[in-house]
Amino acid sequence: MSERNTADFWFDPLCPFAWATSRWILEVEKVREVDVKWHVMSLSVLNEGRDLPDDYRKMMDNGWGPVRVIIAARELHGEQYVKPLYDAMGSQIHYKKEKDRPTVIAAALAEVGLPADLAKYADSDEYDPQLRASHAEGIGKVGEDVGTPVVAFNDTAFFGPVITRVPTGEDAGKLWDGTLLVASNPYFFELKRTRTESPQFDV
């Protein structure tokens, strides 16, 4: 029996592209000998001090709450809540199109069975050192000029892949194989084409 390896995945619940990639890597787990460990990164941290359009700056200002609550849950209740909270928040944000952050957080905490008062950490910087450390670990593997998600596997780390549809079955496995093939080349840095659609999700 083949030994399963671990892929580390850094996410921000706000990002639809990270959500699409996260749903893909769950499919990869089914067809490749890979288990995923989930980590928080933060677009709000990444964009601190940057000159941003007003709408995007507002989104970044509102982005602290979800990641702060996930980190607080990890610190107070255990690592095992990171992925379930991400799944619950992501479903609220990307499937149900819920835009109100307190509603997202409250619904996610209820879904995974965590105390409702964890929501208070959305507006608290108490666990920001841990949030920043988790973010720094992920972004440190790929550099500051990318975003979320970041994936690390064995000695390879990369941003993305950026996808708008979630492949399943062997199609998911083939995308994994190809991504690792190019990302593992130490002199490979970028493949890109203009996006023609936003992520499309089938619930």
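Details of the structure are given in the entry above.
Conventions used here
Residues numbered from 1 in each chain as written. Predicted model: local features only at pLDDT ≥ 70, side-chain atom pairs only at ≥ 80, totals over all residues. Heavy atoms only, no water. Buried < 20%, exposed > 50% of the residue type's maximum accessible area, 1.4 Å probe, protein only. Helix = DSSP H or I, 4+ residues; strand = E, 2+ residues; numbered from the N terminus. Pairing = 2+ DSSP bridges. Salt bridge = Lys/Arg side-chain N within 4 Å of Asp/Glu carboxyl O. Axes fitted to C-alpha atoms, helices over the stretch in contact; angles between N-to-C directions. Parallel < 35°, antiparallel > 145°, perpendicular 65-115°, else oblique. Left-handed = near helix turned anticlockwise from the far one by under 90°. Contact = heavy atoms within 4.5 Å. Nonpolar A, V, L, I, M, F, W, Y, C, P; charged D, E, K, R; others polar. Patch = residues over 30% accessible without salt bridge, like charges linked within 9 Å, V, L, I, M, F, W, Y side chains within 5 Å. Areas by Shrake-Rupley, 256 points an atom, 1.4 Å probe, with all protein chains shown as cover. Phe/Tyr/Trp six-rings, centres within 6.5 Å; stacked < 30°, edge-to-face > 60°. Lys NZ or Arg CZ within 6 Å of the ring centre and 35° of its normal. Expected span 1.5 Å × (residues − 1). Arc of directions from axis to C-beta.

This brings us to the pairing of strand β4 (residues 156-159). With burial as the criterion, only one face of β4 is covered, namely that bearing T156 and F158; the residues A157 and F159 on the opposite face remain uncovered. One ladder, built from four bridges, connects strand β3 (residues 150-153) with β4; its direction is antiparallel. Looking at β4, one finds that V150 is bridged to F159.

Attention now moves to the pattern of salt bridges. Using the criterion set out here, one finds twelve salt bridges in the structure. Close ionic contact of R57 with D61 constitutes a salt bridge, the shortest N to O distance being 3.8 Å. Taken together, the residues R57 and D61, both in helix α3 (residues 54-62) and four residues apart, mark about one turn of the helix. Put simply, E197 and R165 hold a salt bridge, and the shortest N to O gap is 2.8 Å.

Below, the discussion takes up the packing of helix α1 (residues 16-31) against helix α5 (residues 82-95). Contact geometry of α1 with α5 gives a least axis separation of 11 Å together with a crossing angle of 125 degrees. Of the possible angle classes, the one that applies to α1 and α5 is oblique. As for the relative orientation of α1 and α5, their crossing is left-handed in sense. Residues P16, A18, W19, S22, R23 and L26 of α1 form the contact with α5, whose own contacting residues are K83, Y86, D87, G90, S91, H94 and Y95. The class makeup of the residues in the contact of α1 with α5 is six nonpolar, four polar and three charged.

Take a nonpolar patch on the surface next. Together, L181, V182 and L191 make up a nonpolar patch on the protein surface, roughly 320 Å² of accessible area in all. In this structure, V182 sits in helix α8 (residues 169-183). V182 gets classed as partly exposed once you look at its relative accessible area, which sits at 31%.

Adjacent strands of a sheet form backbone hydrogen bonds with each other and so pair up, either parallel or antiparallel. Reading across the sheet, the four strands line up as β2-β1-β3-β4 and stay open at both edges, with mixed pairing between neighbours. Of all strands in the sheet, those bounded by a partner on one side alone are β2 (34-40) and β4. If you compare each strand with its neighbour and ignore which way they point, the axes differ by 20 degrees on average. Inspection of the sheet shows strand β1 (residues 5-11) paired to β2 by seven bridges, in the parallel sense. Paired with F9 across the strands is W38, a residue of β2. Those strands touched by α1 are β1, β2 and β3, and its axis lies near 155 degrees from that of β2. Most of the contacts of α8 go to β4, to which it runs at about 105 degrees, and overall it touches β1, β2, β3 and β4.

Here the focus is the packing of helix α4 (residues 64-77) against helix α6 (residues 101-112). Helix-helix packing is characterised by the crossing angle of the two axes and by the distance between the axes. Relative orientation of the contacting elements α4 and α6 amounts to 25 degrees, with a least axis distance of 9 Å. Classified by the angle their axes make, α4 and α6 are roughly parallel. In this structure, α4 crosses over α6, and the sense of that crossing is right-handed. Counted together, G65, P66 and V69 of α4 and R101, I105 and L109 of α6 form the full contact between these two elements. For the contact of α4 with α6, a count of residues per class yields four nonpolar, one polar and one charged.

To continue, consider the packing of aromatic side chains. Counting across every chain of the model gives ten aromatic pairs. An aromatic cluster is defined as three or more aromatic residues linked by ring pairs; in this entry it consists of F9, F11, W19, W38, Y86, Y95 and F201. In this arrangement the basic side chain of R23 is found over the ring face of W19, its NZ or CZ atom lying 3.8 Å from the centre. Sitting above the plane of the Y86 ring, R23 keeps its charged end 5.7 Å from the centroid.

Before going further, it helps to spend a moment on α8. Between its first and last C-alpha atoms α8 spans 22 Å; for 15 residues at 1.5 Å apiece the expected length is 21 Å, and the two agree. Residues A172, G173, W176, T179, L180 and A183 constitute the buried set of α8. The arc enclosing the buried residues of α8, seen along the axis, measures out at 125 degrees, which places them on a common side. Residues of α8 that are exposed and angled more than 90 degrees away from the buried face: D171, K174 and L181. In the core, the buried residues of α8 are packed alongside β1, α1, β2, β3 and β4.

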